[in-house]
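The primary structure of each chain is shown beneath.
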Amino acid sequence: MSSGDPKQNPTPEELANMSQDELAKLGANLDDVDVIYRRNRWPIKGSKAEKRAERQIAFWFALAGLSGLAFVAIFVFWPWEYRTVGEEGYALYSLTTPLYGLTFGLSILSIGIAVVLIAKKMIPEEIAVQQRHDGPSEEVDQRTTVALLRDAYDTSTIGRRGMIKWSAAFGIGAFAVAAPVGLVGGMVKNPWADRDDSALWRSLWTPDYPGETIYLRRDTGRITDVALIRPEDIDAGGMETVFPFKESWRGDHDALLKSFRHEYSAVMLIHLRAEDANRAVRREGQETFNYGNFFAYSKICTHLACPTSLYEQQTQRILCPCHQSQFDVMQYAKPVFGPATRALPQLPITVNEEGYMVANGDFIEPLGPAFWERPGYRNLES
Ligand code: FES
């Protein structure tokens with residue numbers, strides 16, 4: 001060093017000849033840092049307490065690694081496809097999201113605990129006071145900062161502890177693999193591979209073959225109790241939630257259960273009073289979707305897919321309780337308040353020769369909330 005003044009910068013030659021320890025002390029002095037107290041955690045090597053601390057840190061890194069690998073394995077192999085309550089495989093499916101959270105969370109939590117343990121049990125205990133200055137760092141500051149960090153690494157004794165180093169590499173490495181898997185894994189499978197049969201297009205209101213009759217069915221509380229609806233069953237001004245029914249499901253408990261539980265099944269059948277129905281604005285291209293004074297709209301909110309459960313007869317509005325979107329039945333259920341931006345899809349309906357209310361075709365737009373590549377409409381005949 002060029003002088004005894006600790007604040008004076010050394011020359012490049014002096015810097016090059018200084019040891020790491022001298023650079024670390026110089027860095028502290030140049031930064032106006034006074035180390036008031038410093039104690040190595042393990043002045044005697046190889047004590048039982050030291051080994052125990054080492055094992056604790058290694059344990060948490062190892063747990064982070066195992067959790068990270070478990071996350072990747074669950075993401076790839078665990079059954080994730082939607083199952084309704086009571087359907088075969090529902091128990092495993094219902095655990096999918098909790099297991100993602102559990103393994104990913106445990107991995108990052110374990111890394112955090114291991115790092116805290118390193119700070120508490122390995123890095124020397126120190127009390128230092130520093131005066132802070134404005135302005136950019138000079139080269140001497142950069143060099144001495146690196147030296148200080150190296151000094152912290154050396155004096156923490158991590159460098160000679162293979163168990164901690166290897167477990168840290170395993171734990172942090174597995175987490176580094178798990179994090180991008182969670183981010184990009186959902187984009188690997190092409191949701192449009194099935195074209196018109198892709199899950200986002202279809203619901204149980206989609207006919208299995210051209211011309212299939214799909215009835216409107218009410219929920220009586222008994223799965224196998226098939227109660228079909230006639231227009232006279234709903235008074236003017238009334239509303240009922242209805243579900244699809246196909247003859248091929250009769251007697252099939254699982255199919256009947258699914259028709260109630262499928263996320264896109266529920267439809268609101270609204271019987272407007274005659275004076276209201278006369279004033280109701282039909283949506284362009286959907287002028288024939290209603291049957292007389294009956295209008296059927298998907299019950300699944302176009303914001304985030306909550307059931308839009310509340311129908312207010314006086315204002316003719318449908319309210320979604322989740323974020324208070326309101327849809328105006330007098331204007332083809334278009335949103336008039338709240339975060340939803342698209343009208344509730346309308347189901348074309350009619351009455352068949354037996355007098356039952358049936359779907360007069362599938363929905364012509366996707367149900368539920370937005371997704372990428374969502375088009376405007378599909379042609380009813382396509
Ligand atoms: S889900 Fe309906 S308003 Fe948000």
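Residues numbered from 1 in each chain as written. Predicted model: local features only at pLDDT ≥ 70, side-chain atom pairs only at ≥ 80, totals over all residues. Heavy atoms only, no water.

**Details of the packing of helix α2 (residues 20-30) against helix α6 (residues 139-155)**
Packed helices, taken two at a time, are described by their axes: the angle between them and the distance between them.
Next up, step 1: Packing of α2 against α6 leaves a shortest axis separation of 8 Å and a crossing angle of 120°. It follows that α2 is oblique to α6 by the angle criterion. For the element pair α2 and α6, the recorded crossing hand is left-handed. Along the contact surface, α2 presents Q20, D21, L23, A24, L26, G27, A28 and L30, while α6 presents V140, D141, T144, A147, L148, R150, D151 and D154. (Axes fitted to C-alpha atoms, helices over the stretch in contact; angles between N-to-C directions. Helix = DSSP H or I, 4+ residues; strand = E, 2+ residues; numbered from the N terminus. Parallel < 35°, antiparallel > 145°, perpendicular 65-115°, else oblique. Left-handed = near helix turned anticlockwise from the far one by under 90°. Contact = heavy atoms within 4.5 Å.)

**Observations concerning the state of the cysteines**
Next up, step 1: Considering all chains together, one arrives at one disulfide under this definition.
Next up, step 2: Each sulfur in the disulfide pair C306 and C322 lies 1.9 Å from the other. Taking the sign of the S-S torsion, -85° for the link of C306 and C322, the bridge is left-handed. Taken together, the residues C306 in the loop between β7 (294-298) and β8 (310-312) and C322 in the loop between β9 (317-319) and β10 (326-328) connect sequence positions 16 residues apart. (Disulfide = S-S within 2.5 Å.)

**As for the domain arrangement of the protein**
Next up, step 1: One can read the domain layout of the protein as domain 1 (12-132) and domain 2 (201-359).
Next up, step 2: The distance between the C-alpha centroids of domain 1 and domain 2 comes to 54 Å.
Next up, step 3: Carbon and sulfur atoms supply 57% of the area that domain 1 and domain 2 bury against each other, a total of about 420 Å² over both sides.
Next up, step 4: Across the contact surface, domain 1 and domain 2 share zero salt bridges.
Next up, step 5: Joining domain 1 to domain 2, the criterion identifies zero residue pairs in polar contact (both at pLDDT 80 or more). (Domains from an automatic or database assignment. Buried area = accessible area lost by both parts, 1.4 Å probe. Salt bridge = Lys/Arg side-chain N within 4 Å of Asp/Glu carboxyl O. Polar contact = N/O pair within 3.5 Å; in protein donor to acceptor, adjacent residues only side chain to side chain.)

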